[in-house]
Amino acid sequence: MSDSVMRNDIFSNLRKFSGTSLCVFLTCFTIYTIVAGQFAAQVQRGIFLLCSGVAVYCFNPFNPRWEKGDNLFLKWLGRGIDILFVGMLIYAVIYIVQNYFDIASMRAGWPNKADLVCYSLGTFAVIEGVRRTHGWMMLAVVLTILAYLFGGHHLPGILNHQILSYPEIIEMSFSMNGIFGIALATVANVIAIFIILGSVLLLTGLGDLFIDLSFICTGRFVGGPAQSAIIASTLFGSINGSGPANVMSTGSFTIPLMVRSGYSQTYAGAVSATASCVGQIMPPVMGVGAFLMAEITGVPYSRIIVVALVPALLYSLSLMFNVRFRALRKGILPLEKDQIQKFDIKWLPRIFILLATVSVLLWRIFTGSAPNMAGLQAIAVLLIGSLFVKEMRPDLRKIFAMLVDGGKGLLSLTIVCAAIGIVIGGLGITGLGVRFSQAIISIGSSNLLLALIMAAACCIVVGMGLPTAASYLMVVFIAAPALTKLGISVLNTHMFVFYYAVLSAITPPVALNAYAASGIAKSNPLSIGLESVRLGLVGFVLPFLWIYNPDIILGEADSILKATVNITFCVLFAFFMAAANSGFLKRKLNIIERIIIAIGSILLVFPNMVLRLSGLATIIVMTFIFRKSVAVPKISSRI
């Protein structure tokens, strides 16, 4: 169908108007409930689910090809299906909200026929919404769990569970233990305002400021373009909440810049993909991870972001070291002065507003304010400040765009968290989560390292192809209880699981960040994924470090001196592992030298001080040998 016909299509205009209106309503509803107080749980979560689900059906037709094609029968068939699913979701949510107290007090476990119709329609509507927003991978996960609920009693061993009837399964799915559970609650109660904050930051132009400042800070150094990509992705990704979206936003500028400076297309794509993971683990916002963790563990949000700081910085530093060594090894020159954007004094007001926004956010969180209220106050500071800067000043059109984009950012996250509720409920009702935990505990009682490797592998495999929030929630109720019972603290356990949930986005064969980067870098996504794993090697090791050596975590060490010593050794580990990984330290390294440097760097982070000193001695000796050998000529005085 031609664009002109599409524009004159009343139905298309109506569904676009409806979806946009629901996005605006979601943003306004979020702000209203923070100021005036939240509704009862079933109402608050029901409104989020209803508005997000209907908006998803408005923006994502049943079959886009049918909608855009010239076959009127298929077009209206698809539209009829869309209307059917909208009606199913509206009926189910309104029914559950109106009858919630009767169901909870008199019919829990004994649903009547009307209840079962409601549960069935609502569950099917959510499952279809997941297909439209996250594709077949996430749908396959949910359907697998449902199939397991219906047929798991036929399976042997650890997978076997008691027979569950259709009413039991469908009631669990569309209840506070399923779709309306903790995942949806966290989105509706906490995460939503930070998604809106991210939209406001972008539309006021502060997102571009991240890229400009990072480029100015690192552009004149060897590896500067890649380092600027890392910094920009870290800053942007912390508020963005989505690795692939971060790649698309910052990578569209940073990947071509890296390629022009001399990096290969595959390596440039890998840098962007890996750096986008850092944003998910970098305080203060950490994508959405910190809020989910706070809701599940009961640990204050302020405590979580303090604990997350050092590992996130170590991971960022390891990437910075890697790209610099790679540039030195490949002889990539720094950018010329005329290629580097100069600092503009006109940026100072925007920088001040950015700092004021972040400062207010952190101040309110650390003084005990609820995270959602702190996020709203940060938005207020940002908008008030933007009124005094011409380039940032929002007009009515921009304010409307903020309301729309804020709501749009919630749609896919709300739907996937609702669907994940089915998975979490399924693990609980079958006892599968408990049995997996017991298996990990059994192994960990004799070999903690093997139990940790099992938990990490579970996080990565289960999380492949899923958004970070979904990946974390899929695994945390299986692995976290087991690791906690093995003597690891609750927060360190959840950080362990969360890190690997984040890293699943760069792990082949299904690496979402790599696929997002491949389109910009014009390189094979599998090659980018493999390069990303190699580049992010330190990130895969870090969770083991804080399990065996909690002193690198702020607030966990016995003294400041002990923390400083341990963190210093970790920085040295990141530096020399990057050298071994890239094959350069003063000069190009052969394979034997790289292995020796890698072994020495690993010894630096062992809890045993004798092994650490042995590793340090190895590194010192190798560095002395390299200094005596012929060095690569200096590339530039601006290094």
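### Let's talk about the overall build of the chain
Helix and strand counts for the chain stand at 27 helices and two strands. For the chain, whose C-alpha radius of gyration is 26 Å, the value lies close to the compact-globule estimate of 26 Å for 639 residues. By its C-alpha atoms, the chain is 85 × 60 × 50 Å across when sized along the principal axes. Sequence-distant contacts in the chain: of pairs separated by 6 or more residues, those separated by 24 or more amount to 76%. With the model as given, the accessible surface of the chain reaches about 26,300 Å², and the carbon-plus-sulfur share is 68%.

### Quick notes on the environment of Ser 276
The topology assignment puts Ser 276 in helix α12 (residues 265-281). Ser 276 sits in the buried class, given a relative accessible area of 0%. Sequence separation of Ser 276 and Ala 192 is 84 residues, and the distance between their C-alpha atoms is 21 Å. If we skip the residues at most four places from it in the chain, Ser 276 touches Ser 233, Gly 243, Asn 246, Val 247 and Asn 513.

### Quick word on the side chain of Arg 612
Relative to the helices and strands, Arg 612 resides in helix α27 (residues 609-628). Lacking a salt bridge, the buried Arg 612 has Asp 551 as its closest oppositely charged neighbour, with an N-O distance of 6.6 Å. Side-chain polar atoms of Arg 612 contact the side chain of Asn 566, separated by 2.6 Å. If we skip the residues at most four places from it in the chain, Arg 612 touches Asn 549, Asn 566, Phe 569, Leu 603, Leu 604, Val 605, Phe 606 and Pro 607.

### Points about the side chain of Asn 372
Of note, Asn 372 is situated in helix α16 (residues 371-386). In terms of polar contacts, Asn 372 uses its side chain to reach the backbone carbonyl oxygen of Asn 189, at 3.0 Å. In contact with Asn 372, other than residues within four places in its own chain, are Ile 34, Gln 38, Asn 189, Val 190, Ile 193 and Phe 194.

### Side note on helix α14 (residues 301-330)
Side chains that are three or four residues apart share a direction in an α-helix, a result of its 3.6 residues per turn. When the terminal C-alpha atoms of α14 are compared, their 43 Å separation across 30 residues agrees well with the 44 Å that a helix rising 1.5 Å per residue should span. Leu 309 marks the point of greatest bend in α14, at about 35°, and the proline Pro 311 comes within the next four residues. Of all the 30 residues making up α14, 22 are buried; the element is thus mostly covered by neighbouring parts of the structure. Gly 331 sits one or two residues past α14 and shows a positive phi near 70°.

Conventions and cut-offs
- Residues numbered from 1 in each chain as written.
- Predicted model: local features only at pLDDT ≥ 70, side-chain atom pairs only at ≥ 80, totals over all residues.
- Heavy atoms only, no water.
- Helix = DSSP H or I, 4+ residues; strand = E, 2+ residues; numbered from the N terminus.
- Rg over C-alpha atoms; globule rule 2.2 N^0.38 Å.
- Contact = heavy atoms within 4.5 Å.
- Areas by Shrake-Rupley, 256 points an atom, 1.4 Å probe, with all protein chains shown as cover.
- Buried < 20%, exposed > 50% of the residue type's maximum accessible area, 1.4 Å probe, protein only.
- Lys, Arg positive; Asp, Glu negative; His and termini not counted.
- Salt bridge = Lys/Arg side-chain N within 4 Å of Asp/Glu carboxyl O.
- Polar contact = N/O pair within 3.5 Å; in protein donor to acceptor, adjacent residues only side chain to side chain.
- Expected span 1.5 Å × (residues − 1).
- Bend = angle between axes of the 7 residues up to and from the residue.

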